[in-house]
Amino acid sequence: MVQIIRASDMGFCMGVRRAVQIMESEATPERPVFSVGEIVHNPHVVRALERSGVVQLPGPDDVDGDIGKATAERVKSGRVAITAHGVGERVVRELEASGLEIIDTTCPIVTRAQRYGQKFAREGWHVLIFGDPGHKEVRGILGWTFGQDGEPRATVVPQADYESLRRLVEEFPGGFPNKIGVMAQTTHKMEDFAKFVANLMLLRRDHNFELHVVNTLCHATTGQQEAAAALARQVDVMVVVGGKKSANTRHLREVAEEQGTRAYHIEGPEELEAAWFAGAERIGLTAGASTPDFSVDAVEARIRELVGAR
């Protein structure tokens, strides 16, 4: 009989649960709240909130240019929610200036990263953000990294390997800065961030420079990655449940595959294929930080139907 084992740490994190609870308490069909993009990167959660009275507007991923002004023009009056991934300072100021009531669901850990970026930039450091340049959270952090002169003071670096960082250093406009504040997208992997910092140190070892490293990684995400790795070593195949836009969910699949285990990333039970489990005796199940329990339950129930698991 096939056995299904859940990871010891998985699913809704504090930041996502907080954002969802805020929206559930604020929004009603009679008094809606307008969300600047998806509150969290999970389609099931988004649809459930829509039924509760959350009206999703185009977000930073959907609008070219000034999302603050675009939102104010659409809403005119009422309540607007900043999503769990956060937005830049300019967006906040523009929404405030428009007279809209702001409901801020930014994850506190993301807010902490924003404040570090702001502090570095205002004190004259150049900020290196290890992360995905296109990710909503990273773009929001960038929106807080302006110096006292109003000029941008940050660079997003997507790769941690030595050669990529060497090219960055050698080709940096105006020469590589000697006061560097280093931080990471909150959902990245600890091992990759450590490699990023170590390679940067190696590249600058013959130079006089100041390096201030802040660990902005989310402890909940790191714990889920460790649990996923431990489970992957015990099973024949892993199923990772979560939104396709969710960076932390994608990283869970990567972590499982790094253990030599086949892993599949799905949003819901309808994506499961019986062929994935052929010959498997132990199936691991985990979920991203924005994945609700009911999604995981539905996936597990479908796996049991496909394989006759106990």
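Note that the coordinates shown come from a computational prediction; the quantities given were computed from them, not determined experimentally.

Enquirer: What exactly am I supposed to notice about the sheet that holds strand β10 (residues 237–241) here?
Expert: Either a parallel or an antiparallel arrangement is found when strands of a sheet pair, and the pairing is made through backbone hydrogen bonds. One open sheet accounts for four strands, arranged β1-β12-β10-β11; its pairing is parallel. The sheet terminates laterally at β1 (3–6) and β11 (262–266), the two strands that pair on one side only. The mean inter-strand angle of the sheet, taken between neighbouring strand axes irrespective of direction, is 25°. Relative to strand β12 (residues 282–287), β10 runs parallel, the two sharing five bridges. In the strand pairing of β12, Met238 is matched with Gly284.

Enquirer: What exactly am I supposed to notice about the environment of Phe12 here?
Expert: Mapped onto the elements, Phe12 comes out in the loop between β1 and α1 (14–26). For Phe12 and Ser295, which are 283 residues apart along the polypeptide, the C-alpha to C-alpha distance reads 11 Å.

Enquirer: Is there a simple way to think about the sheet that holds strand β4 (residues 79–82) in this case?
Expert: Spatial strand order, β3-β2-β4-β5: four strands in an open sheet with parallel pairing. With partners counted over all chains shown, the strands left at the sheet margins are β3 (54–57) and β5 (101–104), one partner each. Pairwise comparison of adjacent strand axes, ignoring direction, gives a mean angle of 30° for this sheet. In this sheet, β4 lies alongside strand β2 (residues 33–36) in parallel orientation, the contact comprising two bridges. Looking across to β4, one finds that Ser35 is bridged to Ala81.

Enquirer: Mind showing me how you'd approach the packing of aromatic side chains here?
Expert: Aromatic ring pairs are described here by two measures, namely the spacing of the ring centres and the angle between the planes. What the rule picks out here adds up to seven aromatic pairs. Ring plane angle 50° and centroid distance 6.0 Å describe the contact between Phe120 and Trp125, whose orientation is recorded as tilted. The pair formed by Phe120 and Trp125 is uniform in burial state, with each residue classed as buried. Relative to Trp276, the ring of Tyr264 has its centre 4.0 Å away and its plane inclined at 0°; by these criteria the two rings are stacked. Note that Tyr264 is positioned in strand β11 and Trp276 in the loop between β11 and β12, a separation of 12 residues in sequence. For the pair shown, Tyr264 and Trp276 are each scored as buried. These aromatic residues form a ring-pair network of at least three members: Tyr116, Phe120 and Trp125. In this structure, Arg115 packs its charged tip against the face of Trp144, placed 4.4 Å from the ring centre.

Enquirer: Before we go on, may I ask you to explain the nonpolar core in this structure?
Expert: The nonpolar side chains of a soluble globular protein tend to be buried, and buried together. Ranked by internal contacts, the top residues of the largest apolar core, which has 32 residues, are Met238, Val239, Leu272, Phe277, Ile283, Val299 and Ile303. Every element with two or more residues in this core is listed here: β1, α9 (219–232), β10, α10 (247–258), β11, β12 and α11 (293–307). Every residue in contact with Val239, bar those within four places of it in the chain, is listed here: Tyr264, Ile266, Leu272, Phe277, Ile283, Gly284, Leu285, Thr286, Val299 and Ile303. Residues Ala19, Val45, Leu49 and Ala289 belong to the second largest nonpolar core, which totals 23 residues.

Thresholds, definitions, all that
- Residues numbered from 1 in each chain as written.
- Predicted model: local features only at pLDDT ≥ 70, side-chain atom pairs only at ≥ 80, totals over all residues.
- Heavy atoms only, no water.
- Pairing = 2+ DSSP bridges.
- Helix = DSSP H or I, 4+ residues; strand = E, 2+ residues; numbered from the N terminus.
- Axes fitted to C-alpha atoms, helices over the stretch in contact; angles between N-to-C directions.
- Phe/Tyr/Trp six-rings, centres within 6.5 Å; stacked < 30°, edge-to-face > 60°.
- Buried < 20%, exposed > 50% of the residue type's maximum accessible area, 1.4 Å probe, protein only.
- Lys NZ or Arg CZ within 6 Å of the ring centre and 35° of its normal.
- Core = buried A, V, L, I, M, F, W, Y, C linked by side-chain atoms within 4.5 Å.
- Contact = heavy atoms within 4.5 Å.

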